[in-house]
Amino acid sequence: EEALQLYQYAIEAGANYAKEMMCIAGVYIKKGDIQRADECLNQMLSNAETDDFESVCSTYNMLIEVLRIEGREDVAKQYAERLLEYSRGILQRSTDKNLLRWVIVGCFQLYTLEKGFIKKKRYWKNCNYYYKKMGTDERIRKEMIPFHMEYLSKLNSKKIKLKHGLHLIAHMGEDFDV
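Positions within a chain are numbered from 1, following the residues in the order the chain's sequence is written. Only residues with pLDDT of 70 or above have their local features reported here, since the model is predicted, and side-chain atom pairs are shown and tallied only from 80 upward, although totals for entire chains, interfaces and linings are computed over all residues. Only hydrogens and water are set aside when side-chain values are computed; all heavy atoms of the structure are taken into account.

(A) Looking closely at the overall build of the protein. To qualify as a helix, a DSSP run of H or I must reach at least 4 residues; to qualify as a strand, a run of E must reach at least 2; elements of each kind are numbered from the N terminus. When helices and strands are tallied, the protein shows 9 helices and 0 strands. Walking the protein from its N terminus toward its C terminus, one meets helices and strands in the order α-α-α-α-α-α-α-α-α. Only protein chains enter the accessibility calculation, which uses a 1.4 Å probe; a residue whose area is less than 20% of its type maximum is buried, one above 50% is exposed, and one in between is partly exposed. Here the protein holds 178 residues, and the buried ones make up 44% of them. If you take every contact in the protein between residues at least 6 apart in sequence, the share linking residues at least 24 apart comes to 57%. We call two residues in contact when some of their heavy atoms are within 4.5 Å.

(B) The packing of helix α5 (residues 73-92) against helix α6 (residues 100-113), seen in detail. Convention adopted: a line fitted to C-alpha atoms gives each axis, helices being fitted over their contacting stretch, and angles between N-to-C directions are expressed from 0 to 180 degrees. Axis separation between α5 and α6 bottoms out at 8 Å; the angle between their running directions is 155°. For the element pair α5 / α6, the angle class is roughly antiparallel. Of the two elements, α5 crosses α6, and the hand of that crossing is left-handed. Mapping the contact onto sequence places E73, A76, K77, A80, E81, L83, L84, S87, R88 and L91 in α5 and L100, W102, V103, V105, G106, C107, Q109, L110 and L113 in α6. Three residue categories are used. Nonpolar comprises Ala, Val, Leu, Ile, Met, Phe, Trp, Tyr, Cys and Pro, charged comprises Asp, Glu, Lys and Arg, and polar comprises the others, including Gly. Broken down by class, the residue content of the contact of α5 with α6 amounts to 12 nonpolar, 3 polar and 4 charged. Geometric relationships in this document are graded by angle, where less than 35 degrees denotes roughly parallel, more than 145 denotes roughly antiparallel, 65 to 115 denotes roughly perpendicular, and other angles denote oblique. Handedness of each helix crossing follows the sense of rotation of the near helix against the far helix: counterclockwise by less than a right angle gives left-handed, clockwise gives right-handed.

(C) The arrangement of α5 in detail. Expected helix span is taken as 1.5 Å per residue step, with the number of steps being one fewer than the number of residues. With 20 residues, α5 should cover 28 Å at 1.5 Å per step; its first-to-last C-alpha distance of 28 Å lies within 8% of that length. Here α5 has its buried residues at V75, A76, Y79, A80, L83, L84, S87, I90 and L91.

(D) Highlighting a nonpolar patch on the surface. Each patch groups residues whose relative accessible area exceeds 30% and which form no salt bridge, using 9 Å between like charges and 5 Å between nonpolar side chains of Val, Leu, Ile, Met, Phe, Trp and Tyr. Computed with a 1.4 Å probe, the accessible areas rest on the Shrake-Rupley method; for each residue, only the protein chains presented here act as cover. Any carboxyl oxygen of Asp or Glu that lies within 4 Å of a side-chain nitrogen of Lys or Arg is treated as forming a salt bridge with it. Nonpolar side chains collect at one region of the surface, where L162, L166 and I169 lie side by side and expose about 320 Å² of accessible area between them. Mapped onto the secondary structure, L166 falls in helix α9 (residues 158-170).

(E) Spatial organisation of the environment of L84. One can find L84 in helix α5. Judged by relative accessible area, L84 falls into the buried class, the value being 7%. Those residues within four positions of L84 in sequence are excluded, and the remaining contacts are V103, G106, C107 and L110.

Quick look at the structure:
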């Protein structure tokens, strides 16, 4: 409760609204109150001044992971669809290739949640399409690790797996604890 009050105070004091709302949503997630976390996320999304794309996408991804843990995969899938829709919308207005990672994360979340073979295959194909579009020079972020692990597992050649694995390590950003 104290953390929630501090974040609310920060918002009132003029701190970054989107970032603070993401932190509040994170506190609710840790408390197991997914409904309140969802309310925070939706409030953040409906706020006209919210332009913190990273915070919104991170929050979606965080909610998806928590819902998976709770066994609520149907709701997690809805959030994955929202993440994908939101990130594609932002991508249409930006030339930043780094933002493609959130489209990949959304596609990958749907890929892992999908039970149907044909849809699952289509999601994987979309992941690969956007990954190739992103290029290999971008810094690897931690939200992309599950995709990369699956990508590595699907490669046929040990030599290519090693090359991709070394590339992955070489391009990790500072937000990793390896």
